[in-house]
Amino acid sequence: MSMMSSSRSESARRRGPALDVAVVGGGMVGAAGALALARAGFATALVEARAPAPWSPGDDVDLRVVGLAPSSVGLLDELGVWPSIRALRASPYAHMHVWDAATGAAIHFDAASEGRDLLGYIVENNLVQWQLWQALDAAGVRRICPAQVTGYEVLDDRVQLALNGADTDAVPARLLVAADGAASPLRAMAGIETKGRDYAQRGIVAHVQTERPHEGTAWQRFLPTGPLALLPLADGRSSIVWSLPEDEAQRVLALDDEAFLQELGVASDFRLGRIVGATARAAFPLRLQLAETYQADRFVLLGDAAHAVHPLAGQGVNLGLRDVAELRDTLVGARDAGSDIAAAHVLRRYARRRRSADTLDALGFDALARIYAWQASPLLAARGLGVRLIDKLSPVKRRLAEHAAGL
């Protein structure tokens, strides 16, 4: 090595890596994280194995939809992508009706009674992800795709990522953010354990046409076998998420269309009339999973890599986007205070705040799932009384609505 190149190498080492943050995982939460950090002034790269398929208004509506809470809409608006998402295909809803098949007890949430215009929006996952990806280049995010992380090394002032399939085999950054999903390989590389439980259920998803309009309302019925949600789509149909035990889910998936429409109508109590049409069906396993910690040396978890929750509350992506906002704000605060953004005390602040909030939410959703699985008569009576009381107690009901909104 020449004296000049050695000098340049030493100078680069003293300056630290060119990248502040490397985000691994380009789903909705990972892409939002990379975009938020770049817009906050951090030199950011996004590493992803596969770019999302282009989204077009002429495409069929994605079977995977998300209920975006006002807090999530606010973040996406800050990032400059919400206006295009809203204009393309998003379904606002101002009401949510939840009722218990066993007791008939119900809770009805109304945006107007909470002093708001809307409770949220139902949007396709791939539309949100595509719009976030479209904004990355203008924000200065370095996209490294296709690429997979094969390992990483923590040094004094950086993390050195080893990559496969990219035009570079190594990427140094001050901080590594793992947003690579519930089965996160990076979380395993960091030695972070998880806890939780398998619900032994599957969530069946499809889009259905109903006899009556959805009325801009998110409907959810709790059945002995699990909850059924009907979520309003922009084209007038409803998206269903029907949680069923494994054997029952396989049986329902195998039904012919006529039998499926009839069984779904019965399960929904024909609340929107007969189910007159449905798309193809798909299903996914349900699991509660929480990482034991959200941080390691120069490393943090984001989104599903940190937490996977029951879909009954529709909060999974919202929790992930709250992680994004918290991480951005924490790193900005550290930078403004002159601290190393990946210092242990900085990452601990993010990890403690988000893990505490996520754990309360995840265990709350889990408790709700357990409560609605009660079948003994005395417990059913207590559940029905509790639901009716909540519906009549405005302060309690308002707090539940505010929490779901991320307020």
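Residues numbered from 1 in each chain as written. Predicted model: local features only at pLDDT ≥ 70, side-chain atom pairs only at ≥ 80, totals over all residues. Heavy atoms only, no water.

Caption draft 1: Broad picture of the overall build of the chain. Within the chain, the regular secondary structure consists of 12 helices and 20 strands. Going through the 407 residues of the chain one by one, you find that 51% of them count as buried. Long-range contacts, defined here as pairs at least 24 residues apart, represent 72% of the contacts in the chain between residues at least 6 apart. (Helix = DSSP H or I, 4+ residues; strand = E, 2+ residues; numbered from the N terminus. Buried < 20%, exposed > 50% of the residue type's maximum accessible area, 1.4 Å probe, protein only. Contact = heavy atoms within 4.5 Å.)

Caption draft 2: Expanded view of the pairing of strand β12 (residues 194–210). Pairing geometry for β12 and strand β17 (residues 282–291), over 9 bridges, is antiparallel. Residue Asp198 lies in a different strand from β17, and its bridge partner there is Arg287. When β12 meets strand β15 (residues 238–245), the two strands line up antiparallel, connected through 8 bridges. Looking across to β15, one finds that Gln201 is bridged to Pro245. (Pairing = 2+ DSSP bridges.)

Caption draft 3: Layout of the confidence of the model for the chain. Scored by pLDDT, the chain has a mean of 86; 84% of the residues are at 70 or more. Below a pLDDT of 50 lies the segment residues 1–14, which in the model reaches 4 contacts outside its immediate sequence neighbourhood of four places, other chains included. Within the model, the stretch residues 383–391 combines pLDDT values under 50 with 23 contacts to residues more than four positions away or in other chains. (pLDDT = per-residue confidence, 0-100.)

Caption draft 4: Geometry of the packing of helix α4 (residues 82–89) against helix α5 (residues 125–139). Between α4 and α5, the shortest axis-to-axis distance is 10 Å and the interhelical angle comes to 145 degrees. When the axes of α4 and α5 are compared, the crossing they make is right-handed. Residues Ser84, Ile85, Leu88 and Arg89 of α4 touch α5, and the partners they reach there are Leu127, Val128 and Gln131. (Axes fitted to C-alpha atoms, helices over the stretch in contact; angles between N-to-C directions. Left-handed = near helix turned anticlockwise from the far one by under 90°.)

Caption draft 5: Main features of the packing of aromatic side chains. Per the counting criterion, the structure on display carries 4 aromatic pairs. Residues Trp99 and Trp219 carry aromatic rings whose centres are separated by 6.3 Å and whose planes lie at 90 degrees to one another, so their mutual orientation is edge-to-face. Taken together, the residues Trp99 in strand β5 (residues 95–100) and Trp219 in strand β13 (residues 217–223) connect sequence positions 120 residues apart. Assigned by exposure class, Trp99 and Trp219 land together as buried. Judged by centre distance (6.3 Å) and plane angle (45 degrees), the ring pair of Trp242 and Phe260 falls under tilted. Here the residue Trp242 occupies a position in strand β15, and Phe260 occupies one in helix α8 (residues 257–267), the gap between them amounting to 18 residues. Under the relative-accessibility criterion, Trp242 is labelled buried at 5%. Looking at Phe260, the relative accessible area reads 0%, which means it is buried. (Phe/Tyr/Trp six-rings, centres within 6.5 Å; stacked < 30°, edge-to-face > 60°.)

Caption draft 6: The environment of Ala18, seen in detail. Considering the arrangement of structural elements, one finds Ala18 in the loop between α1 (3–15) and β1 (19–24). For Ala18, a relative accessible area of 74% gives the class exposed. Separated by 156 residues in sequence, Ala18 and Arg174 place their C-alpha atoms 8.6 Å apart.

Caption draft 7: Spatial organisation of the nonpolar core. One finds Leu68, Trp82, Val123, Leu132 and Leu331 to be the most contacted residues of the largest nonpolar core, which totals 78 residues. With 9 residues, the single largest contributor to this core is helix α2 (residues 28–39). Once residues within four sequence positions are removed from consideration, Leu68 is found in contact with Val73, Leu76, Trp82, Gly120, Tyr121, Val123, Val128, Val317, Asn318 and Leu321. (Core = buried A, V, L, I, M, F, W, Y, C linked by side-chain atoms within 4.5 Å.)

Caption draft 8: Region of the structure containing α4. Within the sequence span of α4, burial applies to Trp82, Ile85 and Arg89. The buried residues of α4 all sit within an arc of 80 degrees when viewed along its axis, so they share a single face. Those residues of α4 that are buried lie in contact with β3 (65–68), α3 (70–78), β4 (90–93), β7 (120–124) and α5. (Arc of directions from axis to C-beta.)

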